[in-house]
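Coordinate inspection notes
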Amino acid sequence: MPDSKASGSSAVLTPALLETAARRLRLISGVSSVVAPVLAILDFFSPPATATPVGRWLGFAAPCFGSLNSLLMFWLSSYLEPRKLMRLAPFFQVAQGFFISVYYHTAPIALKDAARGWSSLVVWLIIFPLLVPNARRTVVLASLATAAMDPIGLLIHIAAGAPVPTAGTVARGMVPILVSCVLGIALSRIVHDLNAEVRRARELGSYHLVSLIGHGGMGEVWRAQHRMLARPAAIKLIRPDASGGISRDTLVRFEREAQATAGLSSPHTVQVYDFGITEDGAFYYVMEMLTGLDAETLVRRHGAMPAERVVYVLLQVCKSLEEAHARGLVHRDIKPANIFVCRYGLECDFVKVLDFGLVKTLGFASGAGLTAVGVVAGTPEYMAPEIARGERDFDHRADLYSLGCVAYRMLSAGPVFDSQSPIEFLIDQVRTPPLRPSSKAGVAIPRGLEDIVMECLEKDPARRPQSAAELAGRLRALEVDSWTARRAEEWWQG
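Residues numbered from 1 in each chain as written. Predicted model: local features only at pLDDT ≥ 70, side-chain atom pairs only at ≥ 80, totals over all residues. Heavy atoms only, no water.

1. A closer look at the overall build of the chain
Quick note on the threshold: By definition, any uninterrupted DSSP run of H or I lasting at least four residues is a helix, any uninterrupted run of E lasting at least two residues is a strand, and each is numbered from the N terminus. Classification of residues uses two cut-offs on accessible area relative to the type maximum, computed with a 1.4 Å probe and protein chains only: under 20% is buried, over 50% is exposed, and between them is partly exposed. Whether two residues are in contact is decided by their heavy atoms: any pair within 4.5 Å suffices. Accessible areas in this description were obtained via Shrake-Rupley with a 1.4 Å probe; residue shielding takes into account the shown protein chains only.
When helices and strands are counted, the chain shows 17 helices and 11 strands. Scored against the burial criterion, the 494 residues of the chain give a buried share of 49%. Contacts in the chain between residues at least 24 apart in sequence constitute 72% of all its contacts with a sequence separation of at least 6. Only carbon and sulfur atoms are counted for the fraction: they give 60% of the accessible area of the chain, which is about 23100 Å².

Quick look at the structure:
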């Protein structure tokens, strides 16, 4: 009965709906395995007055076998993946329909009396395809086969000595069965169509959106799967209405700059696989999927980081920025949330710099940067003073200021300024001298490292380190304990 042409439910159900259907099948089989034996025991000790001796035993055996069938499906649902489990779902539906029918016909239909309660098969024909959707053809065949179990159950009891009802009585009894069969198929078709719409909406080029990872002011990040390859990916969607409307010119700039950043080859820069614009005007770009935590989450969960680990992270960020700056790209949004500390292959605490799709490209006209209405130029807590002032001619040293703010956050677990609003942060970035991070950390910070951080936080770009390479050289010259690969692995395992 499974649709061989459609290769089971996977051809029509999204992975999310496939998993949901499998969970519902497990729930239904679990409930059925408990309810069926209870009914069997109750009816065995108080059987219908019109039941034949053989029919009485059939009425007891049917729910018992139905319970065993349910237990088997419940057990299989713990071991089989959703796609394989859903191939067995129609067989379970028909088998349970058979046991329901045999149980129902324990009380024979009187020869001249059609006034009898509806069979539980009516509910089963509606509820099962609605809660456990499957391929269209599979649902139709399974529902028709389940409906056919009603006359089969009747024939079994007639063979066991039950009276033979008139054709009109049988026909009237089949009406609710057929109506519920059609209704169940129709409801399942509605679920199928809704699923198909969701599936179409979740396909971007060669990628299928699987689940939402997070969302922010500029859009959403989705876990995705390539339709032909096994490679997972992360897709960032920047929708037209994400920040009040994104113009076509702005989307063109996103595309141009995504092309530039896709050429970055530093292992510490997130890889960009693909990018494009959807039919509804949303811009998206496809990145490698990473396993780990961003620096912001690390600090929130575990507090301030040891000085040696901060240096280890900063050196890797500098490697990413060195290449970007050499290509004339300014990130503009260096912040802990865009610094991802991950397990990468066999390495731990491997750093990836994210969001290189939203850079400023040096050397273009002043209007070429991403400063159009509705596009955020950075995060106030980590924004360089020259950007906060609205200057257009800032350069790569703005990233070094932001990196100083990141280092401050990792060392002290707090922001550079204790402002209460984005506007206050911008004012403080321009005017307020920062306190040393040790004053907020409550623990000693190596003097040399603290001095470097404070230099990165200078309001005047000329007084900061002049390049990521210079900053990296000074960090390597510090006399601090080494954050080794073994220490990093122990942290991740702990």
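We are not done yet, so read on.
2. A short note on unusual backbone geometry
Phi at Asp349 takes a positive value of approximately 60°, unusual for a residue other than glycine. By the secondary structure assignment, Asp349 is in strand 10 (residues 347–353). With phi around 65°, Ala413 is a residue other than glycine that occupies positive phi space. With respect to the helices and strands, Ala413 occurs in the loop between helix 12 (397–412) and helix 13 (422–431). According to the relative accessible area criterion, Ala413 is partly exposed, its value standing at 32%.

3. Topic: the packing of aromatic side chains
The following threshold applies: Paired rings are identified among Phe, Tyr and Trp, the last through its six-membered ring, by centres lying within 6.5 Å, and are further divided according to the angle between planes into stacked (under 30 degrees), edge-to-face (over 60) and tilted (the rest).
One pass over the structure, following the stated rule, counts eight aromatic pairs. Here the aromatic rings of Phe65 and Phe99 are separated by 6.4 Å at their centres, their planes lie at 15°, and the arrangement is stacked. One end of the pair, Phe65, is in helix 2 (residues 53–76); the other, Phe99, is in helix 3 (residues 82–104), and 34 residues separate them in sequence. On the numbers, 4.8 Å between centres and 15° between planes, the contact of Tyr344 with Phe350 is stacked. Classification of Phe350 as buried rests on a relative accessible area of 8%.

4. Overview of the pairing of strand 10
Note the threshold: Strand pairing is assigned whenever DSSP identifies at least 2 bridges connecting the two strands.
The element strand 10 is largely enclosed, with a buried count of six among its seven residues. Where strand 9 (residues 339–344) meets strand 10, five bridges bridge the pair, whose relative direction is antiparallel. In the strand pairing of strand 10, Phe340 is matched with Lys352. Counting the residues between successive antiparallel strands, the hairpin from strand 9 to strand 10 contains two residues, one of them, Gly345, with a positive phi of roughly 65°.

5. Examining the environment of Ser77
Applicable threshold: In protein, a polar contact means a hydrogen-donor-capable atom and an acceptor-capable atom, both N or O and within 3.5 Å, with residues adjacent in sequence counting only if both atoms are side-chain atoms; elsewhere, any N or O pair within 3.5 Å suffices.
Structurally, Ser77 can be placed in the loop between helix 2 and helix 3. Setting aside residues up to four positions removed in sequence, Ser77 forms contacts with Arg26 and Leu85. Only 3.1 Å separates the side chain of Ser77 from the side chain of Arg26, close enough to count as a polar contact.

6. What to know about a nonpolar patch on the surface
Rules: Note that patches include only residues with greater than 30% relative accessible area and no salt bridge, and the join distances are 9 Å for like charges and 5 Å for nonpolar side chains (Val, Leu, Ile, Met, Phe, Trp, Tyr). Salt bridge, as applied in this entry: a Lys or Arg side-chain nitrogen positioned within 4 Å of an Asp or Glu carboxyl oxygen.
Together, Leu27, Val31, Val34, Val35 and Leu39 give the surface a local cluster of nonpolar side chains, amounting to about 430 Å² of exposed area. By relative accessible area, Val34 is classed as exposed at 53%.

7. A word on the side chain of Asp349
Classification of Asp349 as buried rests on a relative accessible area of 0%. A polar contact is formed between the side chain of Asp349 and the side chain of Trp483, at a distance of 2.7 Å. In contact with Asp349, not counting residues within four places along its chain, are Arg309, Tyr312, Gln316, Val341, Cys342, Trp483, Ala488 and Trp492.

8. A closer look at the pattern of salt bridges
Charged atoms that come close allow side chains of opposite charge to pair. Under the defined criterion, the tally for this structure stands at 17 salt bridges. When the shortest N-O distance is used, the salt bridge between Arg464 and Glu386 registers 2.8 Å. With Arg464 in the loop between helix 15 (447–456) and helix 16 (468–476) and Glu386 in helix 11 (residues 385–388), the pair connects residues that are 78 residues apart, well separated along the chain. Both residues of the pair, Arg464 and Glu386, count as buried.

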